[in-house]
Amino acid sequence: SCGDAQPNKFVGLDYGIKLNVLDGRSSNAVLKMHDNYLTSMPQCSVYPDVMSFVPESTRRYMRTMGFNLDSDVATDYILTLQVKEFNISYLSGAGWSAVVQINVEVHDRNRILVYPSVLAVGRYSQYGRGDYSSIASTVMSKAYTNALEDIDWDRIAYFLTKSSSPKLE
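Residues numbered from 1 in each chain as written. Predicted model: local features only at pLDDT ≥ 70, side-chain atom pairs only at ≥ 80, totals over all residues. Heavy atoms only, no water.

Participant: Would you explain the overall build of the chain in this entry?
Facilitator: Scanning the chain from N- to C-terminus turns up three helices and five strands. N-terminal to C-terminal, the α/β element order of the chain is β-β-α-β-β-β-α-α. Within the chain, buried positions represent 41% of all 169 residues. Surface exposure of the chain reaches about 9,100 Å², of which carbon and sulfur atoms provide 50%. (Helix = DSSP H or I, 4+ residues; strand = E, 2+ residues; numbered from the N terminus. Buried < 20%, exposed > 50% of the residue type's maximum accessible area, 1.4 Å probe, protein only. Areas by Shrake-Rupley, 256 points an atom, 1.4 Å probe, with all protein chains shown as cover.)

Laid out in structure tokens, this is it:
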């Protein structure tokens, strides 16, 4: 889901932005811990997989807010998101909890870093028993939405206006 992206908040910026998503996870496993299964972990997967889901949904989220994606290679800024963590755990007595961590960087059209690495973090927990499919997927997507909302979109939009850029000679 696209969470609470504010529709058309950033319409009319001078520059477009290109989204680049990298996988920086140490493990591709979505399920990190499940203490009900001490002998073997249940198999968990997300569909589509994380590295298809994150770029698609982030693009939708950004479009909703009015960012102009991939408008002009020569002038577009580049937003690089590196997924550091995207996982969920189950603890009996506590339920499901998910963590999403995304490293955020913006380079200008000359490929100079203008917004240095900032970590956006989303967490979400919900009490509930084992069934992975319903509760776990809700918890996972809420954590992801919270991570998207943790990104400083106003600051990113600021770079995409001409007044923020040095005057061209």
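Participant: Which parts of the structure should I look at to understand the nonpolar core?
Facilitator: Where a protein is soluble and globular, its nonpolar side chains tend to be buried together. Membership of the largest hydrophobic core comes to 45 residues, with the highest contact counts inside it found for I17, F67, L79, F86, I88, W153 and I156. Of all the secondary-structure elements, those providing two or more residues to this core are β1 (17–23), α1 (50–65), β3 (77–91), β4 (95–107), β5 (113–126), α2 (132–150) and α3 (153–159). Ranked by residues supplied to this core, first place goes to α2 with eight residues. Sequence-distant contacts of W153, that is, excluding residues within four places in its chain, are made with F10, T58, Y61, M62, M65, F67, L79 and L148. (Core = buried A, V, L, I, M, F, W, Y, C linked by side-chain atoms within 4.5 Å. Contact = heavy atoms within 4.5 Å.)

Participant: Got a minute to help me understand the packing of aromatic side chains in this structure?
Facilitator: Here the distance between the centres and the angle between the planes together describe a pair of aromatic rings. Counting across every chain of the model gives 10 aromatic pairs. Where F67 meets W153, the ring centres are 5.7 Å apart and the plane angle is 55°; that geometry is what we call tilted. One end of the pair, F67, is in the loop between α1 and β3; the other, W153, is in helix α3, with 86 residues separating them in the sequence. Over the aromatic face of Y15 sits the side chain of K162, whose NZ or CZ is 5.8 Å from the ring centroid. (Phe/Tyr/Trp six-rings, centres within 6.5 Å; stacked < 30°, edge-to-face > 60°. Lys NZ or Arg CZ within 6 Å of the ring centre and 35° of its normal.)

Participant: Got a minute to help me understand the pairing of β5 in this structure?
Facilitator: Across a regular strand the side chains alternate sides, sitting on one face of the sheet and then on the other. Relative to β5, β4 runs antiparallel, the two being bridged by 11 bridges. Counterpart to N103 in the pairing with β5 is L119. Where β4 folds back onto β5 in an antiparallel hairpin, the turn is made up of five residues, including R111, whose phi is positive at roughly 65°. (Pairing = 2+ DSSP bridges.)

Participant: Teacher, can you tell me more about α1 here?
Facilitator: Each α-helix turn comprises 3.6 residues. Residues three or four places apart therefore point the same way. Along its 16 residues, α1 runs 22 Å from first to last C-alpha, staying within 8% of the 22 Å computed at 1.5 Å per residue. Taken together, the buried positions of α1 are occupied by V50, F53, V54, S57, T58, Y61, M62 and M65. The arc enclosing the buried residues of α1, seen along the axis, measures out at 145°, which places them on a common side. (Expected span 1.5 Å × (residues − 1). Arc of directions from axis to C-beta.)

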